[in-house]
Structure formats: C-alpha cells, structure tokens
Amino acid sequence: MTADDSFGRLDDDYPVCTMGRAVEMLNTTQGFLRAIGEARRITPLRSADGHRRYSRYQLRITARARELVDGGTPIEAACRIVALEDQLEEAQRINAEQRQGIKPASTPPAA
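Note that the structure is a prediction, hence the values are computed from the model and not measured. Counting from 1, residues in each chain are numbered in the order their sequence is written. Residue-level local features of this predicted model are given only where pLDDT is at least 70; pairs of side-chain atoms are given and counted only at 80 or more, and the full residue set underlies all totals for whole chains, interfaces and linings. Note that water and hydrogens are dropped before the side-chain values are worked out from all heavy atoms of the structure.

(A) Geometry of the nonpolar core. A22, L33, I36, Y54 and L59 are the most contacted members of the largest nonpolar core, which totals 18 residues. Secondary structure elements with two or more residues in this core: α2 (19-26), α3 (30-38), α4 (56-70) and α5 (75-99). Here the nonpolar core consists of buried residues drawn from Ala, Val, Leu, Ile, Met, Phe, Trp, Tyr and Cys, with membership extended through side-chain atoms lying within 4.5 Å. For every residue, the accessible area (1.4 Å probe, protein chains only) is compared with the maximum for its type, and the residue is labelled buried under 20%, exposed over 50%, or partly exposed between those bounds. Helix numbering and strand numbering both begin at the N terminus, where a helix is a DSSP run of H or I of at least 4 residues and a strand a DSSP run of E of at least 2.

(B) Inspection of the side chain of S55 at higher detail. Residue placement: S55 occurs in strand β3 (residues 52-55). Under the relative-accessibility criterion, S55 is labelled buried at 3%. Working rule for contacts: check all heavy atoms of both residues, and any pair within 4.5 Å makes them a contact. In this view, S55 contacts D12, D13, Y14, P15 and V16; residues no more than four positions away in its chain are not counted.

(C) A look at α2. By the burial criterion, the buried members of α2 are M19, A22, V23 and L26. Looking straight down α2, one finds its buried side chains confined to an arc of 100°; they lie on one side. Tucked inside the fold, the buried residues of α2 contact β1 (15-18), α3, β3 and α4. Directions drawn from the helix axis to the C-beta atoms are what define this arc.

(D) Local environment of α3. Listed as buried for α3 are F32, L33 and I36. In an axial view of α3, the angular spread of the buried residues amounts to 100°, which keeps them on one side of the axis. Looking at the buried positions of α3, the neighbouring elements they touch are α2, β3, α4 and α5.

(E) Expanded view of the pairing of β3. Think of it this way: DSSP has to see at least two bridges between two strands before they count as a pair. By the bridge criterion, three bridges tie β1 to β3 in an arrangement that is antiparallel. Its bridge partner lying in β3, C17 is registered against Y54. Strand direction decides the pairing type here: strand β2 (residues 45-46) and β3, joined by two bridges, are antiparallel. When the sheet's bridge partners are listed, R46 is paired in β3 with R52. Hairpin remark: β2 followed by β3, antiparallel, with five residues in the connecting loop; positive phi at G50, about 90°.

(F) View of the packing of α2 against α4. To obtain an axis, a line is fitted to C-alpha atoms, over the contacting stretch when the element is a helix, and the angle between two such axes runs from 0 to 180 degrees between their N-to-C directions. Put simply, α2 and α4 touch, their axes get as near as 11 Å, and they point 45° apart. It follows from the interaxial angle that α2 and α4 lie oblique. Crossing of α2 against α4: the hand is right-handed. Side by side, α2 and α4 meet where A22, M25 and L26 of the first sit next to L59, T62 and A63 of the second. Of the residues assigned to the contact of α2 with α4, the class counts are five nonpolar, one polar and no charged. If an angle is under 35 degrees, it is roughly parallel; if it is over 145, roughly antiparallel; if it lies from 65 to 115, roughly perpendicular; otherwise it is oblique. Put simply, a crossing is left-handed when the front helix is turned counterclockwise from the back one by less than a right angle, and right-handed when it is turned clockwise. Note on residue classes: Ala, Val, Leu, Ile, Met, Phe, Trp, Tyr, Cys and Pro are nonpolar, Asp, Glu, Lys and Arg are charged, and everything else, Gly too, is polar.

(G) Fine view of the sheet that holds β2. A sheet is described by the order of its strands in space; here three strands give the open sequence β1-β3-β2, paired in antiparallel fashion. The open sheet has two edge strands, β1 and β2, and neither has a second partner. Sitting on the sheet, α2 is in contact with β1 and β3, with an inclination near 80° to β1. The sheet strands contacting α4 are β1 and β3, and the helix crosses β3 at an angle near 85°.

In short, geometric facts, not functional conclusions.
Take a look at the structure:
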C-alpha cells in the first residue's frame, strides 16, 4: 500500500484515536467513554492487544453526548438524543438531494 492509497482509509469511520487520546481531546473520563459504549451508542474497534480505538465520527458523537450530560441529561437519554439528531441530519440530507434531483446514495436503483 502506498501513502496515496492510505488516504482513503482516513475517513470519519476509521479508528485513529486511543482511549487515552480521546479522553484528552474530549476533556472527559475513561468511565464516560465506557458508559457511552455500554449504552451501545458507539462501539470502538479493538486493537490486536484489546485496546479501544475511536473514529472521528465516534468522537463527535461522544462530544455531543458529553455536552448533553453536562447539561443535566441522563446518559441514556443523551445517547438517544444523539441518535435522533443523526437520523434527522441524514433525513435532511436525503431530502435536500431529492429536491435537487440527485438520487440518494443509500437508495437502490429503480428496476
């Protein structure tokens, strides 16, 4: 694999961040990251030696959940809110594409 080939792997879903680094970046605790995982909002990839690795997308979800929890929302409710926000964003993206006459990427071709 060349350096140019590897850039495609650096997307929002590629696990690039260790738990320690995620804790630093999000100014949170390992316990909070584990709780988000237990609430099944994110599932970090495990390295060969069992360490958690987080993607940029997972870090954004965790940061938003942290904001809600810091505002007094229970963690389970915060995770549900984040999930609903994601669904709303996706629906709005699909709606905008349809208005522009662009076929959504997730829709199979018509037969």
